[in-house]
Every structure is written in structure tokens, then in C-alpha cells.
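Coordinate analysis (summary)
What follows is the residue order along each chain.
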Amino acid sequence: EGALGQVDDKIHAAGGTATIAPFDLNDLDAIDRLGNAVGARWGRLDALILNAAQLGTLAPVPHLDRKEWDKLIAINLTANWRLLAAFDPWLRQSAGGDVVAVTSSVGSKPRAYWGAYAATKAALENLVATYGAEVANISQIRTHIIDPGATRTTMRARAYPGEDPAKVKPPADAAQLILDALKR
């Protein structure tokens, strides 16, 4: 919540407005409440960025921990599905709503020991592409699947502990890829 508050402060200092709504993405009812609150306040949603993800432990597929598997499915896939469902009515009210799913190369190019994370990213890509096909002819909603590549994040540092972070692009570069997609 502290980091959200800092972002909120920066937005307000730059003359913008923001509302933060911290909650647990495992609480699907909270996601629904947030969707309803957005709809009640603004009547539409112009962009939904699906970036919720956890890496989990990198391990051989037969050695994946079942509880951790369930946790990764819950955050990396189920929470993103629920966000789509909760915000779909408000995206349809936009003159041109956009849904962006942030993915990873392992979603389409398997890598040893990345099975759980890769499976959730592959499923997320398919889910968002399917949603895009479903709404293409009945709404102005556009879907985007963006793989920002190696990005300097805490998750990346966990996956590559010996990597020099200065040699990896900053998160602002990944954010620019998302913004560029929204402009198309």
C-alpha cells in the first residue's frame, strides 16, 4: 500500500487524479466490488491492464509444489479472468476500451524449470485472445498481449539472482510499450 500511496502522490503532484483501492487479488468478491465501484463512479473503463503475476519457485514440472501451483493459478490466471469479467460491462461502455495482458516469452517458448509460471502465462494469453475474438464484432474493445522482455523488477531479480540489474531495461520502458499499444 505504501508504494501505491507514493504513485498516488506523484499523480496528484503532476495535476492528475487517482484513486487507489488496495485489496487481495485472491478475493474474487473484492474484484467484483471494485468493478461495480468503477462503473458507478465513471460509467465506463477505457483501459484494463492485466499485470498481476507471481513467479513461484523455478523447479522441474514433477517437483512443483501443489499449494504453490494453486497459488500461481489463482493470481496469474484466475484473478486476471475475474478482472476481465468484472470490468467487461464498463469496457463495453467506452468508445474504445483496451485490455492489455502483460505476458512473458515463456508463455509461448517453454523454458526448463519455468513450467508453472509459463503455463499461467500461456493460459492468460489464450484467455485474452479468446475474449478479444468474442468481443471483436460486438464492441469497440481491443485486446493486446504484450511481452515487454527482460525488465528490471523484483520478480526478475528473483529469477536471475546474479544478473546485473543495470543491464536490464527499467520498468518505464515496459510501461511505454503498453502506452504505445493503447495509442493504436
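Quick note: structure is the one above.
Definitions and cut-offs
- Residues numbered from 1 in each chain as written.
- Predicted model: local features only at pLDDT ≥ 70, side-chain atom pairs only at ≥ 80, totals over all residues.
- Heavy atoms only, no water.
- Buried < 20%, exposed > 50% of the residue type's maximum accessible area, 1.4 Å probe, protein only.
- Helix = DSSP H or I, 4+ residues; strand = E, 2+ residues; numbered from the N terminus.
- Pairing = 2+ DSSP bridges.
- Right-handed = clockwise from strand over helix to strand, strands pointing away.
- Axes fitted to C-alpha atoms, helices over the stretch in contact; angles between N-to-C directions.
- Parallel < 35°, antiparallel > 145°, perpendicular 65-115°, else oblique.
- Left-handed = near helix turned anticlockwise from the far one by under 90°.
- Contact = heavy atoms within 4.5 Å.
- Nonpolar A, V, L, I, M, F, W, Y, C, P; charged D, E, K, R; others polar.
- Expected span 1.5 Å × (residues − 1).
- Polar contact = N/O pair within 3.5 Å; in protein donor to acceptor, adjacent residues only side chain to side chain.
- Phe/Tyr/Trp six-rings, centres within 6.5 Å; stacked < 30°, edge-to-face > 60°.
- Lys NZ or Arg CZ within 6 Å of the ring centre and 35° of its normal.

Digging into the pairing of strand 2 (residues 98-102)
Burial of strand 2 is extensive: 5 of the 5 residues sit out of reach of the surface. For strand 1 (residues 47-50) and strand 2, the ladder comprises 4 bridges, and the chain directions are parallel. When the bridges of strand 2 are listed, L48 appears paired with V99. For the handedness criterion, the β-α-β arrangement of strand 1, helix 3 (residues 66-92) and strand 2 is classed as right-handed.

Some words on the packing of helix 3 against helix 4 (residues 115-135)
Between helix 3 and helix 4, the shortest axis-to-axis distance is 9 Å and the interhelical angle comes to 15°. With respect to helix 4, the element helix 3 is oriented roughly parallel. Regarding helix 3 and helix 4, the two cross each other, and that crossing is right-handed. In this structure, helix 3 uses W69, L72, I73, N76, L77, N80, W81, L84, D88, L91 and R92 to contact helix 4, whose residues at the interface are A116, Y117, A119, T120, A123, L124, L127, V128, Y131 and V135. Residue composition of the contact of helix 3 with helix 4, grouped by class: 16 nonpolar, 3 polar and 2 charged.

What to know about helix 2 (residues 28-42)
Here helix 2 spans 21 Å end to end across 15 residues, near enough to the 21 Å set by a 1.5 Å rise per residue. Buried within helix 2 we find A30, I31, G35, V38 and G39. In this structure D27 caps helix 2, since a side-chain oxygen of it lies 3.2 Å from the backbone nitrogen of D29. G43 sits one or two residues past helix 2 and shows a positive phi near 75°.

Quick word on the sheet that holds strand 1
Strand order in this open sheet of 3 strands is 1-2-3, and the pairing throughout is parallel. Here the strands that pair on one side only, and so sit at the sheet edges, are strand 1 and strand 3 (142-146). Between one strand axis and the next, the sheet turns by 15° as a mean value, whatever way the strands run. Across the face of the sheet, helix 3 comes into contact with strand 1 and strand 2 while running at roughly 175° to strand 1. Along the sheet, helix 6 (residues 171-183) contacts strand 1, strand 2 and strand 3; its crossing angle with strand 3, the most-contacted strand, is approximately 155°.

Details of unusual backbone geometry
Backbone geometry at Y113 places phi at a positive 80°, although glycine is not the residue there. Looking at the secondary structure, you find Y113 in the loop between strand 2 and helix 4.

Some details on the packing of aromatic side chains
Summed over the entire model, instances satisfying the criterion amount to 2 aromatic pairs. Ring centres of W114 and Y117 lie 6.0 Å apart, and the angle between their planes is 65°; this geometry places the pair in the edge-to-face category. When sorted by exposure, W114 lands in the same class as Y117, which is buried. Between W114 and Y160, the aromatic rings sit 6.0 Å apart at their centres with planes inclined by 35°, giving tilted as the arrangement. Here W114, found in the loop between strand 2 and helix 4, pairs with Y160, found in the loop between helix 5 (154-159) and helix 6; they are 46 residues apart in sequence, far enough to count as distant. Among the aromatic residues, those joined into a ring-pair cluster are W114, Y117 and Y160. Across the ring face of W81, the terminal group of R82 is positioned such that the distance to the ring centre comes to 5.2 Å.

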